[in-house]
Amino acid sequence: MNRVRVRQLWFASTLLISLFLMLIPLPGPLTPLKPYWPALVLLYWCLQSGDRVTLGLAFSLGVAADLFDGMLLGEQALRLTAMVFIALRFRSRLRFFPMWQQSLAVLGLLVNDRVLLMLVRLFSGDPLPPPEYWISPLVGAALWPFVFLILDDLRARLRIHEA
């Protein structure tokens, strides 16, 4: 298999795995701790390969996530597109931040994602979310160094380097 094919397969498989991780149910009390996996994986690829991640890809992944999860169609597409837009806009700065600063930036992006989700749900008639609704971005930011390092290590082991 040639290197381009391996790169494309690795990229697509990480996005697909993130969709499946999103579907894993957690027990009731642990549900607020569930990170937003597609966002974390897309953020990794935004930082590592900005030319490969586009707004169209973010929108398509969001629609797929909506279909997988049974959410309002376009809800996650809006959220992921907004997140990727911001990440791509500041990519050149974020790439060279130390890991703790990247985690803070990821926290900001995930909080922004939660605000968008809350607005969409409020406009659809849902009540305000409970306080534990805001725990997920903290968990995602805490997991960011591990997600980044694991994906980066696997990419290096597979000798997948961006041209």
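The structure presented is a predicted model; accordingly, all values stated were derived computationally and were not measured.

### Describing helix H3 (residues 55-69)
Look at H3: 21 Å from first C-alpha to last across 15 residues, which is about the 21 Å you get at 1.5 Å a residue. All of the buried residues in H3 are Ala58, Leu61, Gly62, Ala65 and Asp66. Buried residues of H3, seen end-on, are gathered within an arc of 145° and therefore sit on one face of the element. Where the residues of H3 are buried, they touch helix H1 (3-23), helix H2 (37-48) and helix H4 (75-89). Within two residues after H3, glycine 70 carries a phi angle of roughly 75°, on the positive side.

### Considering the nonpolar core
If you look at soluble globular proteins, the nonpolar side chains tend to sit buried side by side. Counting residues in each nonpolar core, the largest one holds 32 residues, and the members touching the most others are Leu42, Trp45 and Trp144. Listed by contribution, the elements that provide at least two residues to this core are H1, H2, H3, H4, helix H6 (99-123) and helix H7 (135-157). By residue number, the principal contributor to this core is H2, which donates ten residues. Filtering out sequence-adjacent residues up to four positions away, leucine 42 remains in contact with Leu15, Val53, Leu57, Ala58, Leu61, Leu80 and Val84.

### Thoughts on a nonpolar patch on the surface
On the surface, Val111, Val115, Leu119, Leu122, Phe123, Leu128 and Trp134 cluster together into a nonpolar patch covering about 640 Å² of accessible area. One can find tryptophan 134 in the loop between H6 and H7. A relative accessible area of 31% places tryptophan 134 in the partly exposed class.

### A few points about the packing of aromatic side chains
Throughout the structure, instances matching the rule amount to six aromatic pairs. Relative to phenylalanine 148, the ring of tyrosine 44 lies with its centre 5.4 Å away and its plane at 70°, an arrangement referred to as edge-to-face. Separated by 104 residues along the polypeptide, tyrosine 44 in helix H2 and phenylalanine 148 in helix H7 bring together distant segments of the chain. Grouping residues by exposure puts tyrosine 44 and phenylalanine 148 together as buried. Judged by centre distance (5.7 Å) and plane angle (50°), the rings of tryptophan 144 and phenylalanine 148 are tilted. Here tryptophan 144 pairs with phenylalanine 148, and both are found in helix H7, just four residues apart, close to one helical turn.

### With respect to the packing of H2 against H7
Two numbers describe how H2 lies on H7: the axes approach to 10 Å, and their chain directions differ by 55°. Between H2 and H7, the interaxial angle falls into the category oblique. Here H2 runs over H7; the crossing is right-handed. Of H7, the residues touching H2 (which contributes Trp37, Leu40, Val41, Leu43, Tyr44, Trp45, Leu47 and Gln48) are Gly140, Leu143, Trp144, Val147, Phe148, Leu151, Asp152 and Arg155. For the contact of H2 with H7, the per-class residue count stands at twelve nonpolar, two polar and two charged.

### What about the confidence of the model for the protein?
For the protein, mean pLDDT is 91; residues scoring 70 or higher make up 97% of the total. Here H1 is the element of the protein with the lowest mean pLDDT, 89, and H6 is the one with the highest, 96.

What counts as what
Residues numbered from 1 in each chain as written. Predicted model: local features only at pLDDT ≥ 70, side-chain atom pairs only at ≥ 80, totals over all residues. Heavy atoms only, no water. Helix = DSSP H or I, 4+ residues; strand = E, 2+ residues; numbered from the N terminus. Expected span 1.5 Å × (residues − 1). Buried < 20%, exposed > 50% of the residue type's maximum accessible area, 1.4 Å probe, protein only. Arc of directions from axis to C-beta. Contact = heavy atoms within 4.5 Å. Core = buried A, V, L, I, M, F, W, Y, C linked by side-chain atoms within 4.5 Å. Patch = residues over 30% accessible without salt bridge, like charges linked within 9 Å, V, L, I, M, F, W, Y side chains within 5 Å. Areas by Shrake-Rupley, 256 points an atom, 1.4 Å probe, with all protein chains shown as cover. Salt bridge = Lys/Arg side-chain N within 4 Å of Asp/Glu carboxyl O. Phe/Tyr/Trp six-rings, centres within 6.5 Å; stacked < 30°, edge-to-face > 60°. Axes fitted to C-alpha atoms, helices over the stretch in contact; angles between N-to-C directions. Parallel < 35°, antiparallel > 145°, perpendicular 65-115°, else oblique. Left-handed = near helix turned anticlockwise from the far one by under 90°. Nonpolar A, V, L, I, M, F, W, Y, C, P; charged D, E, K, R; others polar. pLDDT = per-residue confidence, 0-100.

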